[in-house]
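Structure assessment
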Amino acid sequence: MAAKIDLTLDCANAQLLADFWKTALGYVDEPPPAPFKTREEWLAQFDLPEDDSEDDGAWLCDPDGSGPRLSILKVSEPKTAKNRLHIDVRVPGHGSAGERWARIKAKSERLVKAGGAVLQEFDGHHVVMADPEGNEFCVAAASA
């Protein structure tokens, strides 16, 4: 059996990035682990510094349960270089190359409206983008 993975994204503003990545991936806020009823209750079990708050982290999941969990955590250090690992957002749907490219372009335009930026387009294949804090990712077609 293959190992499951979670992805963790360091950031300056966890709530801003959580909203963006929910739009990008169709993810939802992950419920707190049992037996906790709220994230605040769950976080209270840890000996966190006084200046830490519930807003310093966000936990997202695929509502279907098939994609990896995404943790978004506030850190004090700024992003200083290109990501060594990035996310590929795969746009579903079949059709001609032109139809797939149109879906990729439409998704990237929605993500620009959500706070992302287009960095480079590889016409007909994929779009390199950045989230609101500059983390690079690609938008491409899903496998047929």
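Data block above holds the structure.
Residues numbered from 1 in each chain as written. Predicted model: local features only at pLDDT ≥ 70, side-chain atom pairs only at ≥ 80, totals over all residues. Heavy atoms only, no water.

Attention now moves to the side chain of E136. Within the secondary structure, E136 is located in strand β8 (residues 136–141). The exposure class assigned to E136 is buried, which follows from its relative accessible area of 15%. Within the structure, E136 has its side chain in polar contact with the side chain of K79 (distance 3.5 Å). With residues up to four places along the chain from it excluded, the contact list for E136 reads K79, K82, N83, H86, I87, L119, M129 and A130. (Helix = DSSP H or I, 4+ residues; strand = E, 2+ residues; numbered from the N terminus. Buried < 20%, exposed > 50% of the residue type's maximum accessible area, 1.4 Å probe, protein only. Polar contact = N/O pair within 3.5 Å; in protein donor to acceptor, adjacent residues only side chain to side chain. Contact = heavy atoms within 4.5 Å.)

Quick look at the sheet that holds strand β2 (residues 28–29) now. Ordered by their spatial adjacency, 4 strands build an open sheet running β1-β4-β3-β2, and the pairing between neighbours is mixed. Only two strands of the sheet have a single partner each, and these edge strands are β1 (6–11) and β2. Relative to strand β4 (residues 69–74), strand β3 (residues 57–61) runs antiparallel, the two being bridged by 4 bridges. In the sheet register, G57 faces β4, and the bridge partner there is L73. Where helix α1 (residues 14–25) meets the sheet, it contacts β1, β2, β3 and β4, and its direction lies at approximately 10 degrees from that of β3. (Pairing = 2+ DSSP bridges. Axes fitted to C-alpha atoms, helices over the stretch in contact; angles between N-to-C directions.)

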